[in-house]
Amino acid sequence: MGLYANYVFPHLLDWVMQSPAMAEQRPRVAGAAAGHVLEIGFGTGLNLPHYTDAVKRLDAIDPASVLRKRVARRIEQSVVPVHTHQLDAARLPFDDAMFDCVVSTWTLCSIDNVQKALGEIRRVLRPGGRFLFVEHGRSDDPRVARWQDRLNPLQRRVGVGCNLNRAIDRLVCDAGFELNRMERFCLRGTPPVFGEHYLGEASR
């Protein structure tokens, strides 16, 4: 999986993540951020055009460093100051209560120790700060959920660790967040087994 994960998959992922249906959701999450912001799972920087000048500094983390020239161009075009870090979300080297907002877009599906990562996100978020996210995950329809469970081992291989069947709302609440807003929908043009989505805001 090394060649595929390191060289083929980043190009495939960057292409998939630019779909019009996903682009519709990005401003609803990144566009709502303000102050000192931490982005979990920066990827190739596709959220950058959707941040506004209400963001004073963006610290962006990702465990991988891929498509560097493409990412550098996107950072150069950003209206907010961006500081990138190659880090695992389960081990954040930031002070407690350091950030006003944390942003996660299609990231919680692929973090190995997602509960520890959510605990770290909560730790570095200031009291009253906002955790803004859009994620795909487990369907409430038992038939769809069963198919997600069946397909998940294959999805993890093809998607380099991406899981279809995580119940995002439960994970966020179990980490101690207060869930302030949650929308559930199927992403336009996507089969439910892949398209079940959670868009929400939580606070510490």
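Rules used in this analysis
- Residues numbered from 1 in each chain as written.
- Predicted model: local features only at pLDDT ≥ 70, side-chain atom pairs only at ≥ 80, totals over all residues.
- Heavy atoms only, no water.
- Helix = DSSP H or I, 4+ residues; strand = E, 2+ residues; numbered from the N terminus.
- Rg over C-alpha atoms; globule rule 2.2 N^0.38 Å.
- Buried < 20%, exposed > 50% of the residue type's maximum accessible area, 1.4 Å probe, protein only.
- Areas by Shrake-Rupley, 256 points an atom, 1.4 Å probe, with all protein chains shown as cover.
- Lys, Arg positive; Asp, Glu negative; His and termini not counted.
- Charge placed at Lys NZ, Arg CZ, Asp CG, Glu CD.
- Phe/Tyr/Trp six-rings, centres within 6.5 Å; stacked < 30°, edge-to-face > 60°.
- Core = buried A, V, L, I, M, F, W, Y, C linked by side-chain atoms within 4.5 Å.
- Contact = heavy atoms within 4.5 Å.
- Pairing = 2+ DSSP bridges.
- Axes fitted to C-alpha atoms, helices over the stretch in contact; angles between N-to-C directions.
- Arc of directions from axis to C-beta.

Colleague: Can you explain the overall build of the protein? Please cite residues and give values.
Modeller: Counting its regular elements, the protein contains 7 helices and 7 strands. Ordered by position from N to C terminus, the α and β elements of the protein give α-α-β-β-α-β-β-α-β-α-α-β-α-β. Its C-alpha atoms give the protein a radius of gyration of 16 Å, near enough to 17 Å, the size a compact globule of 204 residues would have. Summarising its shape, the C-alpha atoms of the protein cover approximately 45 × 40 × 30 Å along the three principal directions. By the burial criterion, 48% of the 204 residues in the protein qualify as buried. A total of about 10,000 Å² of accessible surface is found on the protein, and carbon and sulfur atoms cover 54% of it. Charge separation in the protein, taken as the distance between the mean sites of 27 positive and 23 negative side-chain charges, equals 4 Å.

Colleague: Describe the packing of aromatic side chains, listing the residues and the values that go with them.
Modeller: Summed over the entire model, instances satisfying the criterion amount to 4 aromatic pairs. Relative to Phe99, the ring of Phe94 lies with its centre 5.2 Å away and its plane at 90 degrees, an arrangement referred to as edge-to-face. According to the relative accessible area criterion, Phe94 is buried, its value standing at 10%. Taking the centre distance of 5.2 Å and the plane angle of 40 degrees together, the rings of Phe131 and Phe133 count as tilted. Taking the relative accessible area as the measure of exposure, Phe131 reaches 0% and is therefore buried. A network of ring pairs unites the aromatic residues Phe131, Phe133 and Phe177 as a single cluster.

Colleague: So what's going on with the nonpolar core? Residues and values would help.
Modeller: The tendency in soluble globular proteins is for nonpolar side chains to be buried side by side. Membership of the largest hydrophobic core comes to 27 residues, with the highest contact counts inside it found for Leu38, Leu118, Phe131 and Phe177. Broken down by secondary-structure element, the contributors of at least two residues to this core are strand 1 (35-40), strand 4 (99-105), helix 4 (114-124), strand 5 (125-136), helix 6 (168-174) and strand 7 (196-203). Considering each element in turn, this core owes the most residues, 5 residues, to helix 4. Apart from the residues lying within four places of it in its own chain, the contact partners of Phe177 are Leu118, Ile121, Arg122, Leu125, Phe131, Val172, Ala202, Ser203 and Arg204.

Colleague: An account of the environment of Gly200 is requested, with residue identities and associated values reported.
Modeller: Structurally, Gly200 is set in strand 7. Taking the C-alpha atoms as reference, Gly200 lies 8.9 Å from Glu135; in sequence the two are 65 residues apart. If near-sequence neighbours (up to four positions away) are discounted, Gly200 is found in contact with Phe131, Leu132, Phe133, Arg181 and Met182.

Colleague: Hey, could you go over the pairing of strand 1 for me, with residue numbers and the actual values?
Modeller: With 6 of 6 residues buried, strand 1 is to be regarded as a mostly interior element. The sheet contact formed by strand 1 and strand 2 (residues 55-62) spans 6 bridges and is parallel. Bridge pairing in strand 2 places Gly35 opposite Val55. As defined by bridge partners, strand 1 adjoins strand 4 across 4 bridges and the pair is classed as parallel. Within strand 4, the residue paired with Val37 across the bridge is Cys101.

Colleague: Which residues make up the sheet that holds strand 2, and what values go with them?
Modeller: Hydrogen bonds along the backbone pair up the strands of a sheet, which may run parallel or antiparallel. Strand order in the open sheet formed by 7 strands is 3-2-1-4-5-7-6, and the pairing between neighbours is mixed. Each edge of the open sheet is held by one strand with a lone partner, namely strand 3 (82-86) and strand 6 (178-186). The sheet shows a mean angle of 15 degrees between the axes of neighbouring strands, taken without regard to direction. Here helix 4 sits on the sheet and contacts strand 1, strand 4 and strand 5; the angle it forms with strand 5, its principal contact strand, is near 145 degrees.

Colleague: Give me the lowdown on the environment of Phe177, citing residues and values where you can.
Modeller: Structurally, Phe177 can be placed in the loop between helix 6 and strand 6. When the C-alpha atoms of Phe177 and Arg122 are compared, they prove to be 7.2 Å apart, with 55 residues separating the residues in sequence.

Colleague: Go over the pairing of strand 3, please, and point to the residues and values.
Modeller: The sheet contact formed by strand 2 and strand 3 spans 5 bridges and is parallel. Note on strand 3: the bridge partner recorded for Ala60 is Thr84.

Colleague: Which residues make up helix 4, and what values go with them?
Modeller: Val114, Ala117, Leu118, Glu120, Ile121 and Val124 are the residues of helix 4 that are buried. One face of helix 4 carries all of its buried residues, which in axial projection span an arc of 160 degrees. Lining the buried residues of helix 4 we find strand 1, strand 4, strand 5 and helix 6.

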